[in-house]
Amino acid sequence: MRLGALLGDDRAEPVTGFAIDHRKVAPGTVFGAFPGQRFNGEDFIPAAVGSGAVAVVAAPDAQVDGAVHIADPAPRARFAQLAAKFFAPFPETAVAVTGTNGKTSTVEMTRQLWRMAGHHAASIGTLGVTTADERVTTGLTTPDIVTFLSNVAGLAREGVTHVAFEASSHGLDQYRTEGLPVAAAAFTNLSRDHLDYHGTMEAYLAAKLRLFSDVVSPGGAAVVWADDPVSGQVAEVARARGARVLMVGERGDALRLLSRAPTLLGQALVIEADGAEHKVMLPLIGAYQAANALVAAGLVIATGGEVKATLQALARLQPVRGRLERAVITRTGAPVYVDYAHTPDALEAAIAALKPHAQGRLILVFGAGGDRDQGKRSEMGAVAARMADRVIVTDDNPRSEDPAAIRRMVIDGVRDAVEIGDRREAIAAAIGEAGPADIVLVAGKGHEQGQVVGDLVLPFDDVAVARECAR
């Protein structure tokens, strides 16, 4: 591709790729130089040009010598738009999901529903890139824009026609989800998280609202969980974009949840849609799993899925890795569940999902991550104290912080908690004391395969550890 084809002029320089890391620049690369939290990409412009960058996308006042300076006051957005032209074509149908909790489950459920409808579908997010045949880990909820667009284009080359991806607040704020046409956007919920990055809940919400004001295609669709306090704001922004809004939930209009009753291994739902009632046996436990499933169904319907067939397909959904995943049943008969809940709201939802199934105690093992919003730690402790019958506070991913200091902040919100820093020992202790009527919940890390301690990532899988401890 010629540079002129990207810029709309007659420049003849060949473009071979895009990069935001100067170490990945080769001759013909378009380099994106943006200020970041830890580094300023503008500092690496000379190195990128020296490695052969043909053009640099940067702010108007950036110093660029030896390459075309594509100046823009919003360089991240411009870089994404140009990269999308380079990497296209993409799958014919793309949808995006944002919200504090439920993004991973919702995009994966959407992928499953599409597959049941006969489409070649994929999902992208915290679990990586997932298709019917494989899963490839990317390590981020929303990858960098080059990785993201390259992955989506690669899926199209493999015949994928439908893709659902997570749009995190970080990704939206940094324009990492731009470029490709987004037929429908979804909102799951909003609760406290990532204030270490955004500063305020208002800024956090504003980042998420970009999905509906800027990213979803004009005239597309927005699926909104109607039972969240900010759902009205989301719907208003989406309508201003010209999007068709589908509200789902107990207060929904497109998919109204009339009733939900727990069963032994799932829940019975009654959903009103198109003036008719639909009874669904959802094979997943918990109110929030029902919410995720309805949002996923809304996305499928918004992109052409037939209502009755889509709702019937909910009965065949498979559990999502690390989301209320039943890891093992102990020798005494107590089930052990693993969940990714790492915010106060998510922890409350996970406990609430399991409580109706516990005839005895709900034993909770959890901690909090280091180098993240510290304010939520005591709030998570308060949730644990109020809802769990037995609480064991342990390490999550301490990262660069003192693990003991993190545990103390969590325990500030919990009375009578047991403190066991070693996560394996904590899980073993919970399993060891669980009786046949009890349920064990290990929360915080979910699908993760490692524990981040300092600069090290130590192999650790809550599901695998639980199974080992239950032997």
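Keep in mind that what you see is a predicted model, and the values were worked out from it rather than measured.

Calculation criteria
Residues numbered from 1 in each chain as written. Predicted model: local features only at pLDDT ≥ 70, side-chain atom pairs only at ≥ 80, totals over all residues. Heavy atoms only, no water. Phe/Tyr/Trp six-rings, centres within 6.5 Å; stacked < 30°, edge-to-face > 60°. Helix = DSSP H or I, 4+ residues; strand = E, 2+ residues; numbered from the N terminus. Buried < 20%, exposed > 50% of the residue type's maximum accessible area, 1.4 Å probe, protein only. Salt bridge = Lys/Arg side-chain N within 4 Å of Asp/Glu carboxyl O. Domains from an automatic or database assignment. Axes fitted to C-alpha atoms, helices over the stretch in contact; angles between N-to-C directions. Parallel < 35°, antiparallel > 145°, perpendicular 65-115°, else oblique. Left-handed = near helix turned anticlockwise from the far one by under 90°. Contact = heavy atoms within 4.5 Å. Nonpolar A, V, L, I, M, F, W, Y, C, P; charged D, E, K, R; others polar. Pairing = 2+ DSSP bridges.

Counted under the stated rule, the structure contains 6 aromatic pairs. Judged by centre distance (5.3 Å) and plane angle (70°), the ring pair of Phe 18 and Phe 79 falls under edge-to-face. With Phe 18 in strand 1 (residues 17-19) and Phe 79 in helix 3 (residues 75-87), the pair connects residues that are 61 residues apart, well separated along the chain. Here Phe 79 falls in the buried class, since its relative accessible area comes to 0%. Between the aromatic rings of Phe 34 and Phe 79, the centroid separation amounts to 5.5 Å while the plane-to-plane angle is 75°, which identifies the pairing as edge-to-face. Taken together, the positions of Phe 34 in the loop between strand 2 (29-32) and helix 2 (45-50) and Phe 79 in helix 3 put the pair 45 residues apart, joining distant regions of the chain. Counting every residue linked through ring pairs, the aromatic cluster contains Phe 18, Phe 34, Phe 79, Phe 86 and Phe 87.

Summed over the entire model, instances satisfying the criterion amount to 20 salt bridges. A salt bridge links Asp 72 to Arg 78; its shortest N-O distance comes to 3.5 Å. Residue classification places Asp 72 among the buried residues on the basis of a relative accessible area of 16%. We classify Arg 78 as partly exposed; its relative accessible area is 23%. A salt bridge links Asp 462 to Arg 423; its shortest N-O distance comes to 2.9 Å. One end of the pair, Asp 462, is in helix 16 (residues 462-469); the other, Arg 423, is in helix 15 (residues 423-433), and 39 residues separate them in sequence. Each of the two residues, Asp 462 as well as Arg 423, counts as buried.

Turning next to the domain arrangement of the protein chain. Entries for the protein chain in the domain assignment read domain 1 (3-73), domain 2 (88-316) and domain 3 (325-470). Computed over C-alpha atoms, the centres of domain 1 and domain 2 are 33 Å apart.

This paragraph deals with the packing of helix 4 (residues 103-116) against helix 10 (residues 287-302). Contact geometry of helix 4 with helix 10 gives a least axis separation of 8 Å together with a crossing angle of 50°. With respect to each other, helix 4 and helix 10 are oriented oblique. Seen from above, helix 4 lies across helix 10 with right-handed handedness. Counted together, Ser 105, Thr 106, Met 109, Thr 110, Leu 113 and Trp 114 of helix 4 and Gln 289, Asn 292, Ala 293, Val 295, Ala 296, Ala 297, Leu 299 and Val 300 of helix 10 form the full contact between these two elements. Counted by class, the contact of helix 4 with helix 10 contains 9 nonpolar, 5 polar and no charged residues.

A separate point is the pairing of strand 16 (residues 325-329). Two strands pair when backbone bridges link them, and strand 16 and strand 17 (residues 335-339) are joined in this way by 4 bridges, in the antiparallel orientation. When the sheet's bridge partners are listed, Ile 329 is paired in strand 17 with Pro 335. In textbook terms, the turn of a hairpin is the stretch between consecutive antiparallel strands, and for strand 16 and strand 17 this stretch comprises 5 residues, one of which, Gly 333, has a positive phi near 100°.

Taken across its 7 residues, strand 14 (residues 267-273) has 5 buried, putting it largely inside the fold. By the bridge criterion, 6 bridges tie strand 13 (residues 255-262) to strand 14 in an arrangement that is antiparallel. Considered in strand 14, the bridge of Ser 259 is made with Val 270. The antiparallel pairing of strand 13 with strand 14 creates a hairpin that spans 4 residues between the two strands. Looking at chain direction, strand 14 and strand 15 (residues 276-282) are connected through 7 bridges and run antiparallel. Residue Ala 268 lies in a different strand from strand 15, and its bridge partner there is Met 281.

Bringing the sheet that holds strand 19 (residues 390-393) into the picture now. The 6 strands are arranged 16-17-21-18-19-20 in an open sheet whose pairing can be described as mixed. Across the chains shown, the open sheet's two edge strands, defined by having one partner strand only, are strand 16 and strand 20 (418-419). Packed on one face of the sheet, helix 14 (residues 403-411) meets strand 18 (362-366), strand 19 and strand 20 and runs near 155° to strand 19.

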